[in-house]
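# Structural overview for review
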Amino acid sequence: MRTKICDWSSAVGLLVMLVAAAMPLLGVNHDWVRWLYAAATVVVLVARLVEPSPAPTLRVRRLHRIAIMSAVLYCVSAAMLFLPRLSTQWALAIGGNEWIAFLLAGAVLHLYASWVTDQELKKQPK
């Protein structure tokens, strides 16, 4: 039961993150969008932390920790939305979109972990 709740809350959190991340591209730049994105990242992180590891094998447990790290990267991307803009030369070159890099890094880790976990669980005898 706990696994299903964690899976559903993670899926809802990821969908809300997707919508909130796409809103600035559509021209909606309100403060509540940042807060919605941050709340969704926290939901995903809590769901990943509470979710039990799916199998006793070492590789699947490592993949579960990679999924947790992807949620941490999502939270870092949300924190970047709230940090004041830096006035250094390096920050001016980025243009205030550094949160997207953390979002994409978390997404790549999440996709890798979920895909390989499915492959490993299919190998397990039932």
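This report concerns the structure included in the present document. Every value quoted in this text rests on a predicted model; they were computed, and no experiment measured them.

## Observations regarding the packing of aromatic side chains
This model, assessed by the stated rule, comprises two aromatic pairs. Seen from their ring centres, Trp35 and Phe82 are 4.7 Å apart, and the 55 degrees between their planes marks the pair as tilted. Linking Trp35 in helix H2 (residues 31-50) with Phe82 in helix H3 (residues 58-82), this pair joins segments that are 47 residues apart in sequence. Where Tyr37 meets Trp99, the ring centres are 5.6 Å apart and the plane angle is 70 degrees; that geometry is what we call edge-to-face.

## A word on the side chain of His64
Counting through the fold element by element, His64 comes out in helix H3. For His64, the residues in contact, after removing those within four places along its chain, are Arg48, Glu51, Pro52, Ser53 and Pro54.

Calculation criteria
Residues numbered from 1 in each chain as written. Predicted model: local features only at pLDDT ≥ 70, side-chain atom pairs only at ≥ 80, totals over all residues. Heavy atoms only, no water. Phe/Tyr/Trp six-rings, centres within 6.5 Å; stacked < 30°, edge-to-face > 60°. Helix = DSSP H or I, 4+ residues; strand = E, 2+ residues; numbered from the N terminus. Contact = heavy atoms within 4.5 Å.

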